[in-house]
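These are the residues of each chain, in order.
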Amino acid sequence: MENKNDDFYIGYLENTDRKTKATLKNFVIIGLLILIVIAITFAFTQNNFKNSTFELTTNTKIMGVYHEMPYPMLKVKTAENTFKNILLIGFGKYSANPFLKTIRNQVPNLSGSMLSIEGNLIYYNGKTLLQITDDEKITLVEKTNPQRLPETKTLVNDMELKGEIIDPKCYFGVMKPGKGKIHRSCAVLCISGGIPPVLATTDKNNISEYYLITDIKGKPIHKNILPHVGKPSILKGTVVQLEDWYQLRIDTKNIKDLNLPSKIY
């Protein structure tokens, strides 16, 4: 019977036989190649970041006309005869209302007043929001003047729009890109906390438009719309223009679920 001397690796010896060296070398090379392929695949399958901005660490002071139609907003002058309505929201998953409580106690009829507010700007696709983190950073500049309030104009009755209901805080800048069931649950929590619901629509040319959702009387809506958040749906109602924003006044009972996968969440 022929004796064979099998290679045997001993860790404390300096010399390693050729066969063991070749095996280790092949193992390392193959392992590195697999890691590179996994890394490249992972990188190309990720969603792109939106070109939205959330100035979390930067405080910006803005001044404008406060109004509630029906959600808290600040009408800011950007140029001669040009204004932008900035949606006001609170810190975390809450509306601006808790932070406006102090100033409302001082000025009961607050709509039409000129306010100075310092907070964190959020902006995307032509829409701007301001996150308020401290009620002490809200100051009254001028008392109420109804003539400064923005104009509203009814555009279409019984309009049908297809899209998804989102929470504007995360969608417009806090989360990038904010997809998946976890982010849909986050949107539900934000809207239930008082952040205004918004319908995000996209036409055939992939041009997005956004509608602040209210009830049929133009009042705030939150709890009744939660089951429809992040689900492709058809909403029917009255479209009202609030200068650079649109409102969609609806009856939540008429929302039609399309039973399609979400393109946002």
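See the structure shown above.
Residues numbered from 1 in each chain as written. Predicted model: local features only at pLDDT ≥ 70, side-chain atom pairs only at ≥ 80, totals over all residues. Heavy atoms only, no water.

1. Let's talk about the pattern of salt bridges
Then comes step 1: Throughout the structure, instances matching the rule amount to four salt bridges.
Then comes step 2: The salt bridge involving Glu243 is made with Lys75; its shortest N-O contact spans 3.0 Å. In this pair, Glu243 is assigned in the loop between β11 (233-242) and β12 (245-250) and Lys75 in strand β3 (residues 72-79), connecting sequence segments 168 residues apart.
Then comes step 3: With relative accessibility at 10%, the residue Lys75 sits in the buried group.
Then comes step 4: We note a salt bridge from Glu80 to Lys77, for which the minimum N-O separation is 3.8 Å.
Then comes step 5: By relative accessible area, which is 60% here, Glu80 ends up exposed. (Salt bridge = Lys/Arg side-chain N within 4 Å of Asp/Glu carboxyl O. Helix = DSSP H or I, 4+ residues; strand = E, 2+ residues; numbered from the N terminus. Buried < 20%, exposed > 50% of the residue type's maximum accessible area, 1.4 Å probe, protein only.)

2. So, the side chain of Thr128
Then comes step 1: You can see Thr128 is positioned in strand β6 (residues 127-132).
Then comes step 2: The buried category is assigned to Thr128, whose relative accessible area is 10%.

3. Let's talk about helix α2 (residues 97-106)
Then comes step 1: Looking only at α2, the buried set comprises Phe99, Leu100 and Ile103. Buried positions in α2, seen along its axis, are confined to an arc of 85 degrees and lie on one side of it. Residues of α2 that are exposed and point more than 90 degrees away from the buried face comprise Pro98, Lys101 and Asn105.
Then comes step 2: The inward-facing, buried residues of α2 contact β2 (60-68), β3, β4 (82-90), β5 (114-124), β6 and β7 (138-142). (Arc of directions from axis to C-beta. Contact = heavy atoms within 4.5 Å.)

4. A look at unusual backbone geometry
Then comes step 1: Following Met69, the chain continues to Pro70 via a peptide bond in cis, the omega torsion being -5 degrees.
Then comes step 2: Positioned with a positive phi, Asn81 is a non-glycine residue whose angle comes to about 60 degrees.
Then comes step 3: Secondary-structure assignment places Asn81 in the loop between β3 and β4.
Then comes step 4: Backbone geometry places Asn125, a non-glycine residue, at a positive phi of 55 degrees.
Then comes step 5: Note on placement: Asn125 falls in the loop between β5 and β6.

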